[in-house]
Amino acid sequence: MAAERITVYVDGAAVTVSANDSAASAALQAGIGYTRLSPITGEKRAPYCMMGMCFECLMVIDGVPSRQACMVTVRPGMRIERQTGARVLS
Amino acid sequence: MTQTADTVVIGGGVVGSAIAYGLAKRGARVTILDEGDDAIRASRVNFGLVWLHGKGDGMPAYGFWTRRSTELWPRFADELKAETGIDTHYVKSGGLSYCLGETEYARETETLQRMREQAERDPYETRMVDRGDLMRMMPGVTFGAEVLGASYGPHDGHVSPLNLLHALHTALMRLGVDYRPGSSVLEVTPAATAGGGFEVRTANETFSTPKVVLAAGHGIMPLMRPLGFEVEILAERGQIMVTERMAPMGLLPANGVRQTAEGTLLIGTTNEDAGYDVSTTPQAGASMVRRAIRVIPALAHVRVVRTWAGLRTLTKDESPIYEESARYPGAFLATCHSGVTLAAVHATDLADAIYNGKLGADIEPFHSQRFLDTKHGR
């Protein structure tokens, strides 16, 4: 049974993905390339293990930073954003 | 085959390494016998404060000794950096102990006053700061409503304990110290003739030495009696949490929370009697986090990455013990729970004293003899 198609926003751009997809998968489908910059080196990083182990896919999801995008299932209207550098405490 | 050394240091944690570093710099040919990665190693689990604050209540000598170490630390850190290229991340930032509510504030004020009066001159120079002061000192931080102020110690600071141990070990290699991991000491035997030195035996080797230093934390216990030492060392469990990396917050280190140079926050700690059990518990985690959030409410949104537990090497009065065996001169014992804070003074004054074979007036008060005087017992 094919999953429902929904729309999420990756760095502001609308992308239609399967309702079963993870936020990391949505980011990859959106073709944004890297999904965060390392807080130490500033290096570009992207999802790697896709199963919650490597913490490479940390993104800002619905305004909450440092979420493991591969472990978050998309919801209609979800905002998925690249994380730049270290999180700022606010 | 029996091997020889000028001094055998038993224990390669931050205490043994600092002493060995000082001895080697003075020209001694030193062998360190260390356990393996499964050792109970306080050096690899601690919070990383270089801390004068609160040390020596009831024993001003410990306050002065710690103050001396805080004075030596900047140069010690520079020296290690120059010799090894490893930055210990030491910063003499000043340090805080937060007070939540009036009772804590009053109690802390009283403690500072009491400790100041115990000493002939004040080694601490601590003072109480109020909420307004804290906001001026750390303009980027929003404090919880219960934070009335803190005690502030100008000589306090923090360091990466892992980098410190790494730097010490690297420096030891450069100085030609014979460092042997995986070499648990089974036995130290004084020679049959007085002044004949000691035989130190591991599973595979025997070392003959005129001087031996027991600096192995909890590992001292099974080795000390044949050398004429009789000290009591307690294990106290402390749990620490580490968060994700954050942008620098301009936070001064405090005894419950500090931001490392890498950006992570360390949140601690507990004082538990759990024998040699190094498990972590959700209860301890919850209580540490609860207090940290009462101090800085925005921490509620920060992700905790890991919690770990370690064992402090405590004496009954929490002050160090340094002594030379009366029965077997040449055998020294050094134990403390503040191996990081005291590393600088261990590498200089204590190493000097051991090198010269005489623990002088500044070190004498730390003899375990003090426990026979009931005033110091707990």
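Residues numbered from 1 in each chain as written. Chains lettered and ligands numbered in written order. Predicted model: local features only at pLDDT ≥ 70, side-chain atom pairs only at ≥ 80, totals over all residues.

Helix and strand counts for chain B stand at 8 helices and 19 strands. Relative to the globule expectation of 21 Å for 378 residues, the C-alpha radius of gyration of chain B, 21 Å, shows essentially globular dimensions. With the principal axes as the frame, chain B shows a C-alpha extent of 70 × 40 × 40 Å. Once local pairs closer than 6 in sequence are excluded, the contacts in chain B between residues at least 24 apart make up 73%. (Helix = DSSP H or I, 4+ residues; strand = E, 2+ residues; numbered from the N terminus. Rg over C-alpha atoms; globule rule 2.2 N^0.38 Å. Contact = placed C-beta atoms within 7 Å.)

This part is about the overall build of chain A. For chain A, the helix and strand inventory stands at 1 helix and 8 strands. For 90 residues, the compact-globule formula gives about 12 Å, and the C-alpha radius of gyration of chain A, at 12 Å, lands near that figure. Seen along its three principal axes, the alpha-carbon backbone of chain A occupies a region of about 45 × 25 × 20 Å. Evaluated residue by residue, chain A yields a buried proportion of 36% over its 90 residues. Long-range pairs, those at least 24 residues apart, make up 38% of the contacts in chain A with a sequence separation of at least 6. (Buried ≥ 20, exposed ≤ 12 C-beta atoms within 10 Å, placed from the backbone.)

The next subject is the interface of chain A and chain B. Residue-level contacts link 9 residues of chain A with 10 residues of chain B. In the side of chain A that touches chain B, the residues fall into 5 nonpolar, 3 polar and 1 charged. (Nonpolar A, V, L, I, M, F, W, Y, C, P; charged D, E, K, R; others polar.)

Residues and elements named next belong to chain B. Taken domain by domain, chain B consists of domain 1 (2–80 + 161–231 + 317–372), domain 2 (95–154) and domain 3 (234–314). Computed from C-alpha coordinates alone, the two centres of domain 1 and domain 2 are separated by 33 Å. With 11 residues of domain 1 at the interface, the matching set in domain 2 holds 11 residues. Top contributing element to the side of domain 1 that touches domain 2 by residue count: helix α2 (residues 60–84), with 4 residues. Tallied by class, residues from the side of domain 1 that touches domain 2 come to 5 nonpolar, 4 polar and 2 charged. (Domains from an automatic or database assignment.)

Next up on the list: the sheet that holds strand β5 (residues 95–100) of chain B. All names here are of chain B. The strand order β5-β7-β6 describes an open sheet built from 3 strands, whose pairing is antiparallel. Of all strands in the sheet, those with a lone pairing partner are β5 and β6 (127–130), marking the two edges. For this sheet, the mean angle separating the axes of adjacent strands, direction not counted, is 30°. Sheet topology note: the β6/strand β7 (residues 147–153) ladder contains 4 bridges and is antiparallel. Each bridged residue has a counterpart across the sheet, and for Arg127 the counterpart in β7 is Tyr152. (Pairing = 2+ DSSP bridges. Axes fitted to C-alpha atoms, helices over the stretch in contact; angles between N-to-C directions.)

This part covers the packing of helix α1 (residues 14–25) of chain B against helix α5 (residues 161–174) of chain B. All names here are of chain B. Taken N-terminus to C-terminus, the directions of α1 and α5 make an angle of 35°; their axes are 10 Å apart at the nearest point. The hand of the α1/α5 crossing is left-handed. For the pair formed by α1 and α5, the contact residues are Val14, Ser17, Ala18, Ala20, Tyr21 and Ala24 on the first element and Leu164, Leu165, Leu168, His169, Ala171 and Leu172 on the second. Split into classes, the residues belonging to the contact of α1 with α5 amount to 10 nonpolar, 2 polar and no charged. (Left-handed = near helix turned anticlockwise from the far one by under 90°.)

Counting along an α-helix, one turn takes 3.6 residues, and residues three or four places apart therefore face a common direction. Residues and elements named next belong to chain B. Here helix α8 (residues 343–356) contains 14 residues, and its C-alpha end-to-end distance of 19 Å stays within 8% of the 20 Å for a straight helix at 1.5 Å per residue. Helix geometry: α8 is bent most strongly at Leu350, by close to 35°. In terms of burial, α8 is a largely internal element, 10 of the 14 residues being buried. Those residues of α8 lying buried are Ala343, Ala344, Val345, His346, Ala347, Thr348, Asp349, Leu350, Ala351 and Ile354. Along its buried surface, α8 packs onto α1, α2, α5, β13 (211–214), β18 (321–324) and β19 (331–335). (Expected span 1.5 Å × (residues − 1). Bend = angle between axes of the 7 residues up to and from the residue.)

What follows is about the environment of His155 of chain B. Residue and element names in this part refer to chain B. Looking at where His155 falls in the secondary structure, it is placed in the loop between β7 and β8 (157–158). For the pair His155 and Ala326, spaced 171 residues apart in sequence, the C-alpha to C-alpha distance is 35 Å. The contact partners of His155, leaving out residues within four places of it in the chain, are Leu52, Arg67, Thr70 and Glu125.

All names here are of chain A. Reading across the sheet, the 5 strands line up as β2-β1-β7-β5-β6 and stay open at both edges, with mixed pairing between neighbours. Bordering the open sheet on either side are β2 (13–18) and β6 (64–68), each of which pairs with just one other strand. Each neighbouring strand pair of the sheet contributes to a mean axis angle of 40°, computed without reference to strand direction.

Here we come to the confidence of the model for chain B. Of the residues in chain B, 98% have a pLDDT of 70 or more, and the chain-wide mean is 94. Here the predicted complex carries an ipTM of 0.71, next to a pTM of 0.91. (pLDDT = per-residue confidence, 0-100.)

Here we come to the nonpolar core. Formed by 101 residues in total, the largest nonpolar core has its most connected members in Ile10, Ile19, Ala20, Val213 and Leu214 of chain B. At 8 residues, α1 of chain B tops the list of elements feeding residues into this core. The contacts of Ala20 of chain B, once residues within four sequence positions are left out, are Val9, Val30, Ile32, Leu172 and Val177 of chain B. If you look at the next biggest cluster of nonpolar residues, it comprises 18 residues, including Val17, Ala24, Ala26 and Ile61 of chain A. (Core = buried A, V, L, I, M, F, W, Y, C linked by C-beta atoms within 7 Å.)

This next bit is on helix α1 (residues 23–30) of chain A. Residue and element names in this part refer to chain A. Along α1, the residues that are buried comprise Ala23, Ala24, Ala26, Ala27 and Leu28. Turning to α1, the residues buried within the fold contact β1 (5–10), β2, β5 (58–61) and β7 (79–81). Backbone geometry just downstream of α1 places Gly31 in the positive-phi region, at approximately 70°.

Let us look at unusual backbone geometry. Omega for the bond connecting Gly268 of chain B with Thr269 of chain B falls within 30 degrees of zero, at -20°, which places this linkage in the cis form. Checked against the element boundaries, Thr269 of chain B lands in the loop between β16 (264–268) and α7 (282–295). Even without a glycine there, the phi angle at Asp11 of chain A is positive, about 50°. Residue Asp11 of chain A is classed as partly exposed on the basis of its 15 C-beta neighbours within 10 Å.

What follows covers the pairing of β18 of chain B. Residues and elements named next belong to chain B. The two faces of β18 match: Ile321 and Glu323 on one face and Tyr322 and Glu324 on the other face are all buried. The sheet contact formed by β18 and β19 spans 4 bridges and is antiparallel. Across the sheet, residue Ile321 finds its bridge partner in β19, namely Thr335. Here β18 hands over to β19 after 6 residues, with Gly330 in that stretch at a positive phi of 105°.

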